[in-house]
Amino acid sequence: MLTITAIQAAAERLRPHIRQTPLIHSRSFSRMSGADVFLKAENLQKTGSFKVRGAFNKLIQLQTNQVIAASMGNHAQAVAFAADQLGKQATIVMPESVALNKEEATRSYGATVVLHGATLAEALEYARRQPMHFIHPFDDLQIMAGQGTIGLEICRQIDRLDTILVPVGGGGLIAGIASAVKKLSPATKVIGVQSKAAPSAALSFKTGTITTQKPSPTLADGIAVGQVGKQTATIINQLVDDMVTVDEHRIAEAVLLFMERKKLVVEGAGAVPLAALLQGSQGFSGRRVVLVASGGNIDFTLMDRIIRQGLAASGRITILTLEIEDHPGSLHAVSGIIAAQRGTILDVHHERLNPKLPFGCSRVTLTMETRGAAHAQAIAKACQKQGYTIIHH
């Protein structure tokens, strides 16, 4: 098992090499959830994620100068950076589908990057077969001890902690944090969060048996792991209070909220705790809650898509399909109703030739920017009041 002594020793080793990241109170998220919300901003950590903690703790204790790791991105950058700082040579195996920004960042830290396989599992298997010391991304007690230093910091930074929400992929982060927090603050609930597209750890927690499930595409690619670790699963089952999953639209909304309300860039994996908080299934109202924002290495080629999904999830971009009379001025009349309600039309698709439409009618689909779900509903009701038939909203 992972001891508090091992985590405290890791904290001493890491002191010259990492940042103690801030614990930031969020009045906005507190108002939205009814909880007293704090953010552990590991997105501001060196290399942009918590992974550097475990990487340094592991590599400092190794005698060998040649190491190899496999990762979708954050563990890769962490091992590459730590190896460079400690005078070691790192080879990083990444799936061929890895985001280009994470591949280039890993190379920039001086590592040799090898692209292999379509999944992390294939990359891991390839890396294990190479004649170098393999650095596992999560199922390693020294890695977990490094990640557990986050729990030590949080307990020093806050006087009372009711609940901590932690992203979960392979389980190294939550295993480390739970091992520290449950020792220092036994009454604190530790809750893991996964994407519904990659729920292997949550399924394993519910059944008590390690369950493998191939991840579906997800915005939270940093925690898209098909199987929780054996050692991490043991610790999770003993110390973690619950595991929850969140939808993709919730993750997109959370990424957008971090940018808008806190001016923080947080990747999908780091945003899942906020998504779970706002989902509210655990009843967080009135509780002091810490969200571990685990990383900020977002794929900026996906940023436009994420923002649009987030706006749609919050009701600030909405799609309204109406059946209207097919004569001059009818579309202008509809746009006038929307303008009167202070909605902004972003896109119009006008369909006139569909044989399923009643004679003399056309269908118009409007993509609009609104102030939220209530505003979108008000626009739809205004259209209905003027006699228009709503096909989809």
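Described in the following lines is the structure provided in the data block. (Residues numbered from 1 in each chain as written. Predicted model: local features only at pLDDT ≥ 70, side-chain atom pairs only at ≥ 80, totals over all residues. Heavy atoms only, no water.)

### Notes on the sheet that holds strand β11 (residues 317–325)
Worth spelling out the cut-off: Two strands are counted as paired when DSSP detects at least two bridges linking them. Runs of E in the DSSP output that reach at least two residues are strands. Runs of H or I that reach at least four are helices, and both are numbered from the N terminus. Each axis is a line fitted through C-alpha atoms, taken for helices only over the stretch in contact, and angles between the N-to-C directions span 0 to 180 degrees. Here a residue-residue contact requires only that any non-hydrogen atoms of the pair lie within 4.5 Å.
In space, the four strands of this open sheet follow the order β12-β13-β11-β14, with antiparallel pairing throughout. In this open sheet, the two edge strands, each paired with only one partner strand, are β12 (344–351) and β14 (389–392). Averaged over all pairs of adjacent strands, the angle between strand axes in this sheet comes to 30 degrees, irrespective of strand direction. Where β11 meets β14, three bridges bridge the pair, whose relative direction is antiparallel. Among the inter-strand pairings, glutamate 323 is bridged to a residue of β14, identified as threonine 389. Packed on one face of the sheet, helix α15 (residues 373–385) meets β11, β13 (361–369) and β14 and runs near 5 degrees to β11.

### Some points on empty space enclosed by the protein
Rules: Think of a 1 Å grid over just the protein atoms. A cavity is a set of points where a 1.4 Å probe fits yet cannot get out, a pocket is an open set with protein on both sides within 12 Å along at least five of seven lines, and lining residues have an atom within 4 Å of a point. Grid points are joined across faces, edges and corners, and a volume is the space filled by probe spheres set on the points.
Taken as a whole and judged by the stated rule, the model has two cavities of 30 Å³ or more. Contributing to the lining of the largest cavity are 29 residues, with Phe50, Lys51, Gly222, Ile223 and Val225 lying nearest its centre. Residue assignment for the lining of the largest cavity shows that the elements contributing at least two residues are α4 (74–85) and α8 (172–184). Tallying contributions element by element places α8 first for the lining of the largest cavity, with three residues.

### Concerning α8
What counts is decided by this rule: One less than the number of residues in a helix, times 1.5 Å, gives the span that helix is expected to have. For each residue, the accessible area found with a 1.4 Å probe, counting protein chains only, is set against the maximum for its type, and the residue is called buried under 20%, exposed over 50%, and partly exposed in between.
In this model α8 runs 19 Å from its N-terminal to its C-terminal C-alpha over 13 residues, within 8% of the 18 Å that 1.5 Å per residue would give. For α8, the buried fraction is high: eleven of the 13 residues fall into the buried class. For α8, every residue scored as buried is listed here: Gly172, Leu173, Ile174, Ala175, Gly176, Ile177, Ala178, Ser179, Ala180, Val181 and Lys182. Residues of α8 that are buried sit in contact with α1 (4–14), α7 (141–157), β7 (163–167), β8 (189–195), α10 (230–239) and β10 (288–293).

### As for the pairing of strand β2 (residues 36–41)
When you tally the buried positions in β2, you get five out of six residues, the bulk of the element. Bridge analysis of strand β1 (residues 23–26) against β2 gives four bridges, and the strand direction is antiparallel. Directly across from histidine 25, in β2, lies its bridge partner phenylalanine 38.

### Thoughts on the layout of surface pockets
Inclusion rule: Each residue receives one of three labels: charged for Asp, Glu, Lys and Arg, nonpolar for Ala, Val, Leu, Ile, Met, Phe, Trp, Tyr, Cys and Pro, and polar for the others, Gly being one of them.
The calculated volume of the largest pocket comes to roughly 980 Å³. Secondary structure elements with two or more residues in the lining of the largest pocket: α6 (120–128) and α13 (303–313). Among the residues forming the lining of the largest pocket, the class breakdown is 17 nonpolar, 13 polar and eleven charged.

### Observations concerning the sheet that holds β10
With mixed pairing, the six strands of this open sheet are ordered in space as β1-β2-β10-β7-β8-β9. Where the open sheet ends on each side, the last strands, each with one partner, are β1 and β9 (242–246). Going from strand to strand, the sheet's axes swing by 25 degrees on average, the running direction of each strand aside. Relative to β10, β2 runs parallel, the two being bridged by six bridges. The partner of aspartate 36 across the bridge, within β10, is arginine 288. Running over the sheet, α7 touches β1, β2, β7 and β10 and is turned about 135 degrees from β2. Along the sheet face, α8 touches β7, β8 and β10 and points at about 170 degrees away from the line of β8.

### A word on helix α3 (residues 51–60)
Counting buried positions along α3 yields nine of ten residues, so the element is predominantly enclosed. Tucked inside the fold, the buried residues of α3 contact α1, β3 (66–70), α4, β6 (133–135) and α7.

### With respect to the packing of aromatic side chains
As a reminder of what qualifies: Put simply, two rings from Phe, Tyr or Trp (the six-membered ring, in Trp's case) pair if the centres are within 6.5 Å, and we call them stacked under 30 degrees between planes, edge-to-face over 60, tilted for the rest.
What the rule picks out here adds up to three aromatic pairs. With a centroid separation of 5.9 Å and 85 degrees between ring planes, the pair formed by phenylalanine 56 and phenylalanine 81 is classed as edge-to-face. Here phenylalanine 56 is found in helix α3, whereas its partner phenylalanine 81 is found in helix α4, with 25 residues between them in sequence. The burial state of phenylalanine 56 is the same as that of phenylalanine 81; both residues are buried. Look at phenylalanine 81 and tyrosine 109: their rings are 5.5 Å apart centre to centre, the planes differ by 70 degrees, and that puts the pair in the edge-to-face class. Residue phenylalanine 81 is located in helix α4, and its partner tyrosine 109 is located in the loop between α5 (100–108) and β5 (112–115); the two are separated by 28 residues in the primary sequence. An aromatic cluster is defined as three or more aromatic residues linked by ring pairs; in this entry it consists of Phe56, Phe81 and Tyr109.

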